[in-house]
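# Reading the structure
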Amino acid sequence: MVQGVGFRYFCFEKANELGIYGYAKNLFNGDVEIVAEGDETLLNEFIKAVNIGPRFSDVNSLNINEIQNESRFNSFRIY
């Protein structure tokens, strides 16, 4: 549950800083789904930042599913 604390915008800013493509969107259960693709080292840095989150957020857990690089995105978006 990270809604109302700017979490998706935080992901957007961090992704753009690192050159990560994909999206972040709120789910009906209060979770945020993030799909991200990019260089593995930069993705690991992105994951570390997302695990901490923005100020006032409380990230309880991350579920990470690795998929083969499909290069579906050319930017990072918020939905």
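In short, a report on the structure.

Criteria and cut-off values
- Residues numbered from 1 in each chain as written.
- Predicted model: local features only at pLDDT ≥ 70, side-chain atom pairs only at ≥ 80, totals over all residues.
- Heavy atoms only, no water.
- Helix = DSSP H or I, 4+ residues; strand = E, 2+ residues; numbered from the N terminus.
- Buried < 20%, exposed > 50% of the residue type's maximum accessible area, 1.4 Å probe, protein only.
- Areas by Shrake-Rupley, 256 points an atom, 1.4 Å probe, with all protein chains shown as cover.
- Lys, Arg positive; Asp, Glu negative; His and termini not counted.
- Charge placed at Lys NZ, Arg CZ, Asp CG, Glu CD.
- Pairing = 2+ DSSP bridges.
- Axes fitted to C-alpha atoms, helices over the stretch in contact; angles between N-to-C directions.
- Contact = heavy atoms within 4.5 Å.
- Core = buried A, V, L, I, M, F, W, Y, C linked by side-chain atoms within 4.5 Å.
- Salt bridge = Lys/Arg side-chain N within 4 Å of Asp/Glu carboxyl O.
- Polar contact = N/O pair within 3.5 Å; in protein donor to acceptor, adjacent residues only side chain to side chain.

## Here we look at the overall build of the protein
Scanning the protein for helices and strands turns up two helices and three strands. Secondary structure elements of the protein occur, N-terminal to C-terminal, as α-β-β-α-β. Principal axes of the C-alpha set define a box for the protein whose edges measure 30 × 25 × 20 Å. The proportion of buried residues among the 79 residues of the protein is 29%. Surface exposure of the protein reaches about 5800 Å², of which carbon and sulfur atoms provide 47%. Of the side-chain charges in the protein, 7 are positive and 11 negative, and the distance between the mean point of each set is 7 Å.

## Concerning the sheet that holds strand 2 (residues 32-37)
Strand order in this open sheet of three strands is 2-1-3, and the pairing throughout is mixed. For this open sheet the edge positions go to strand 2 and strand 3 (76-78), each flanked by a neighbour on one side alone. Averaged over neighbouring strand pairs, the angle between their axes works out to 5 degrees when direction is ignored. In terms of strand pairing, strand 1 (residues 21-26) meets strand 2 through six bridges, oriented antiparallel. Across the sheet, residue Y21 finds its bridge partner in strand 2, namely E37. With respect to the sheet, helix 2 (residues 40-52) is in contact with strand 2 and strand 3, its orientation differing from that of strand 2 by roughly 160 degrees.

## Brief notes about the nonpolar core
Of all hydrophobic cores here, the largest spans 12 residues; its members are F7, C11, A15, L18, I20, A24, V32, L43, F46, V50, V59 and F76. Among the elements of the structure, helix 1 (7-18) and helix 2 are those that each provide at least two residues to this core. Considering each element in turn, this core owes the most residues, four residues, to helix 1.

## Examining the side chain of E37
Relative to the assigned elements, E37 resides in strand 2. Nearest to the buried, unbridged E37 among oppositely charged side chains is R72, at 5.0 Å. A polar contact of 3.1 Å, which involves the side chain of E37, links it to the backbone nitrogen of F73.

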